[in-house]
Amino acid sequence: MFELPSLPYDYDALGKYISKDIMYLHHDKHHQAYVDKLNTALDAVPNLNGRGLDDLLKNLSELPAQYKTAIRNNGGGHYNHSLFWQWMTPGGGGQPTGEIATQINDKYGNFQGFVDEFTTKALGVFGSGWVWLQPDMEIISTANQDTPIMQGLEAPLLGLDVWEHAYYLDYKNKRDDYIKAWWNVVNWDFVASRLG
Ligand code: MN3
């Protein structure tokens, strides 16, 4: 059985950038629903008992057709959101330092070049999805709750949820304002820790 991880900070910790109401709804309702529906789907397939989340998501094609979509959507939702809470932190933002900064600057010229490219990609996601910084410094997007490891890619260093449920209460339809605010809470220490 998969479980909802606790938020690593209080619901109101991200202050003016992402409200307590959004954090509560997003974590306690949306993420909880992914966990519950994932568990329901897995309950129906006894031979998947004990399989780890990464293992399931990397091998979707082997899953029974009847449950594949539920495991893809809800397993992806659980995977993505479990990381997303950690990619934010009160007092975050600013610029990364060390190896991650070097690699970003090598690829995008400077930090602003990276922010611009990532933001453009995030604004370009049609409907619901995510934007990712991959360990090879490529920026990619996925639809719905798809996640890079489903596509045979490495686990992302950083990801941004651009589903409307992530910002609508605070920013209505203004995804660009949400993205601009989000840069102020990015947890670069956690991003750097994933570079390995
Ligand atoms: Mn979400």
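Criteria and cut-off values
- Residues numbered from 1 in each chain as written.
- Predicted model: local features only at pLDDT ≥ 70, side-chain atom pairs only at ≥ 80, totals over all residues.
- Heavy atoms only, no water.
- Pairing = 2+ DSSP bridges.
- Helix = DSSP H or I, 4+ residues; strand = E, 2+ residues; numbered from the N terminus.
- Axes fitted to C-alpha atoms, helices over the stretch in contact; angles between N-to-C directions.
- Left-handed = near helix turned anticlockwise from the far one by under 90°.
- Contact = heavy atoms within 4.5 Å.
- Nonpolar A, V, L, I, M, F, W, Y, C, P; charged D, E, K, R; others polar.
- Expected span 1.5 Å × (residues − 1).
- Bend = angle between axes of the 7 residues up to and from the residue.
- Buried < 20%, exposed > 50% of the residue type's maximum accessible area, 1.4 Å probe, protein only.

**Quick word on the pairing of strand β2 (residues 139–143)**
Pairing of strand β1 (residues 129–133) with β2 involves 5 bridges; the strand directions are antiparallel. When the bridges of β2 are listed, L133 appears paired with I139. What sits between the antiparallel neighbours β1 and β2 is a turn of 5 residues, in which M137 has the positive phi angle 75°.

**A short note on the packing of helix α1 (residues 20–43) against helix α3 (residues 65–84)**
A packed helix pair is summarised by two numbers, namely the angle formed by the two axes and the spacing between the axes. With their axes 8 Å apart at the nearest point, α1 and α3 run at an angle of 140° to one another. α3 is crossed by α1, and the crossing has left-handed handedness. Packed against α1, whose contacting residues are H26, H31, A33, Y34, V35, K37, L38, A41 and L42, the element α3 presents Y67, A70, I71, N73, N74, G75, G77, H78, H81, S82 and F84 at the interface. Looking at the contact of α1 with α3 residue by residue, the class counts come to 10 nonpolar, 9 polar and 1 charged.

**Some details on α1**
Its 24 residues give α1 an end-to-end C-alpha distance of 33 Å, which sits within 8% of 34 Å, the value for a rise of 1.5 Å per residue. H26 marks where α1 bends most, by close to 30°. Within the sequence span of α1, burial applies to I22, M23, H26, H27, H31, Y34, V35, L38, N39, A41 and L42. If you follow the buried residues of α1, they end up packed against α2 (53–58), α3, β3 (158–161) and α6 (168–171).

**A few points about the pairing of β1**
Regular strands place their side chains on alternate faces of the sheet. Extensive coverage of β1 is indicated by the burial of 5 of its 5 residues. Burial along β1 is two-sided: the face carrying G129, V131 and L133 and the face carrying W130 and W132 are both buried. Bridge count between β1 and β3: 4 bridges; the pairing is antiparallel. By the bridge assignment, V131 is partnered in β3 with L160.

These values are about where atoms sit, not about what they do.
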